[in-house]
Amino acid sequence: VGHCHPDIVKAAHEQNQLLNTNSRYLHDNLVDYAERLSKTLPEKLCIFYFLNSGSEANDLALRLARQYTKHEDVIVLDHAYHGHLTSLIDISPYKFRNLEGQKEWVHVVPVPDTYRGLYREDHEDSVTAYADEVKNIIEHAHKKGRKIAAFFVESLPSVGGQIIPPAGYFQKVAEHVHKAGGVFIADEIQVGFGRVGKHFWAFQLQGEDFIPDIVTMGKPIGNGHPLACVATTKEIAEAFAATGVEYFNTFGGNPVSCAIGLAVLDVIEKEHLQAHATEVGNFLMKTLKEQQIKHPIIGDVRGCGLFIGVDLIK
C-alpha cells in the first residue's frame, strides 16, 4: 500500500506503545484480524494460522497437507519457487535444480503456459491437456507405490515467468488431486491482496466454483512488516490438532502484527487499491501492446491487474 504509509506507521506505533506479546496471551487484534481476513475468502476457509514470513506459511501448509492426507508426495509446477526453508527448496525446481536435485517424493509438471509451453494458444483444449499432465504424473507415482499429499501451486506462477493459467485448469487439477487423496494448496504470497485487480485473490480468476483447500499469504499482507498467514478448512485443521502437538509461533499473530494487518486491509478498502490495480494494469497492458506492434522482440504481453509479464524473444 506504499512505502511508510502513514496509516500503517500509526497503527504499528500505537499498538507498540500499548502491548506486544506472543500469541499464547489472548488479544482482540488476533480475533479481529482473522475475522476481517475471513470476509475476503470463501466460507470454507475459516481457520487461520499466523506466522512471520511466506516461507513459514508454505512450510506449515506442507505439514497440514501431510498430516491430513497421511501421504508424503508433492506435485509442483516446473520453475516454481515457494520459499527458502529446506522443505521449500525441495519443492522449488527453480532452486533444487542448482542444488541437490529432485527428491523422490517431488513430482514436477509442466507450467500451464499457453505462450511458450507444451500446449499453446492454437491447441484445441490446453486446459485439459495441462491437467492431464497432472493426472499422468499421479498415475506414474501410484505405480511406484507413492501417494500424493498435495498439489502446491502459485495461483499465478511468478518466478516461472508471470504466467496466467487458463481458466478451468485448477478445477480439473483439483479433481485429479482430490481423487488421489491429496489437497490443493494455493500460494498467494506474491499475487494476493487485490494485486490482480478484478479479485482479492488470484485463485478467484479461475472461477467462483474453485476453492483451494489451503491458501498461503505473505509479502503485501503487512506492507513490509513480517507477517504471514495460512488459511484452511476445519477438517484439515482438526486433523492437524489431533496429533496433540499444537502449533505455536512466538511472534506470529502478535498484537502489533495484527494491528498492521488490519491497517493494510483498511487502506486497500479506503483507497480503492483493487480498482486502482485494474485501472493502472489495463493502462500498462494497453501501452505495452502498442510497443509490441513496433518491436518484434516483444513476443507476448500478458497479465491481470498489476501482475504483468513481457516475454522477450529472439
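Just so we're clear, the structure is a prediction, and the values are computed from it rather than from any experiment.

**Some thoughts on the domain arrangement of the protein chain**
Stage number 1. Here the protein chain is described as being made up of domain 1 (6-271) and domain 2 (272-313).
Stage number 2. One C-alpha centre belongs to domain 1, the other to domain 2, and the line joining them spans 25 Å.
Stage number 3. Between domain 1 and domain 2 the total buried area reaches about 1,700 Å² when both faces are included, carbon and sulfur atoms providing 55% of it.
Stage number 4. Of all residues in domain 1, Tyr-115, Gln-162 and Arg-195 give up the largest surface area on contact with domain 2, accounting jointly for 33% of the area buried on that side.
Stage number 5. Put simply, domain 1 and domain 2 have one salt bridge between them.
Stage number 6. Put simply, domain 1 and domain 2 have 14 residue pairs in polar contact (both at pLDDT 80 or more) between them.
Stage number 7. Along the lines of polarity and charge, the residues of the side of domain 1 that touches domain 2 split into 11 nonpolar, six polar and six charged.

**Here's the deal with the sheet that holds strand 4 (residues 148-154)**
Stage number 1. Reading across from one edge, 1-7-6-5-4-2-3 is the order of the seven strands in this open sheet, with mixed pairing throughout. Unpaired on one side and paired on the other, strand 1 (47-51) and strand 3 (106-109) mark the two borders of the sheet. The sheet shows a mean angle of 20° between the axes of neighbouring strands, direction not considered.
Stage number 2. Bridge analysis of strand 2 (residues 73-77) against strand 4 gives four bridges, and the strand direction is parallel. What sits directly across from Val-74, in strand 4, is Ala-150.
Stage number 3. Running over the sheet, helix 7 (residues 169-179) touches strand 2, strand 4 and strand 5 (183-187) and is turned about 140° from strand 5.
Stage number 4. Its contacts with the sheet place helix 8 (residues 234-241) against strand 1, strand 5, strand 6 (214-217) and strand 7 (228-232), and it is angled at close to 60° to strand 1.

**Re the side chain of His-176**
Stage number 1. Within the secondary structure, His-176 sits in helix 7.
Stage number 2. Apart from residues lying up to four places away in sequence, His-176 is in contact with Ala-131, Asp-132, Lys-135 and Ile-138.

**Details of the pattern of salt bridges**
Stage number 1. Under the defined criterion, the tally for this structure stands at 16 salt bridges.
Stage number 2. Taken together, the salt bridges that share partners define one network made up of Glu-72, Asp-73, Glu-104 and Arg-146.

**Topic: the pairing of strand 5**
Stage number 1. By the criterion of burial, strand 5 is predominantly enclosed, with five of the five residues buried.
Stage number 2. Here strand 5 shows a buried face lined by Val-183, Ile-185 and Asp-187 and a second buried face lined by Phe-184 and Ala-186.
Stage number 3. Summarising the sheet, strand 4 and strand 5 pair through five bridges and their orientation is parallel. Following the sheet pairing, Glu-154 is matched in strand 5 by Asp-187.
Stage number 4. Crossover strand 4 to strand 5 through helix 7 is right-handed.
Stage number 5. Of the pairings in the sheet, the one linking strand 5 to strand 6 comprises three bridges and is parallel in character. Considered in strand 6, the bridge of Asp-187 is made with Thr-216.

**Quick notes on a nonpolar patch on the surface**
Stage number 1. Where nonpolar side chains cluster on the molecular surface, the patch consists of Val-280, Leu-284 and Leu-306 and spans about 190 Å² of accessible area.
Stage number 2. On the secondary structure map, Leu-306 appears in the loop between strand 8 (298-304) and strand 9 (307-312).
Stage number 3. For Leu-306, a relative accessible area of 34% translates into the label partly exposed.

**Comments concerning the nonpolar core**
Stage number 1. Counting residues in hydrophobic clusters, the biggest one holds 53 residues, and the most contacted among them are Leu-37, Phe-151, Tyr-169 and Met-217.
Stage number 2. Per-element tally for this core: the top contributor is helix 9 (residues 255-270), with nine residues.
Stage number 3. For Tyr-169, the contacting residues outside a window of four places in its chain are Leu-77, Pro-110, Pro-112, Val-127, Tyr-130, Ala-131, Val-134, Phe-151 and Gln-206.
Stage number 4. Among the nonpolar cores identified, the runner-up in size contains 26 residues, and Leu-88, Trp-105, Val-183 and Ile-214 belong to it.

Cut-offs used in this document
- Residues numbered from 1 in each chain as written.
- Predicted model: local features only at pLDDT ≥ 70, side-chain atom pairs only at ≥ 80, totals over all residues.
- Heavy atoms only, no water.
- Domains from an automatic or database assignment.
- Buried area = accessible area lost by both parts, 1.4 Å probe.
- Salt bridge = Lys/Arg side-chain N within 4 Å of Asp/Glu carboxyl O.
- Polar contact = N/O pair within 3.5 Å; in protein donor to acceptor, adjacent residues only side chain to side chain.
- Nonpolar A, V, L, I, M, F, W, Y, C, P; charged D, E, K, R; others polar.
- Pairing = 2+ DSSP bridges.
- Helix = DSSP H or I, 4+ residues; strand = E, 2+ residues; numbered from the N terminus.
- Axes fitted to C-alpha atoms, helices over the stretch in contact; angles between N-to-C directions.
- Contact = heavy atoms within 4.5 Å.
- Buried < 20%, exposed > 50% of the residue type's maximum accessible area, 1.4 Å probe, protein only.
- Right-handed = clockwise from strand over helix to strand, strands pointing away.
- Patch = residues over 30% accessible without salt bridge, like charges linked within 9 Å, V, L, I, M, F, W, Y side chains within 5 Å.
- Areas by Shrake-Rupley, 256 points an atom, 1.4 Å probe, with all protein chains shown as cover.
- Core = buried A, V, L, I, M, F, W, Y, C linked by side-chain atoms within 4.5 Å.

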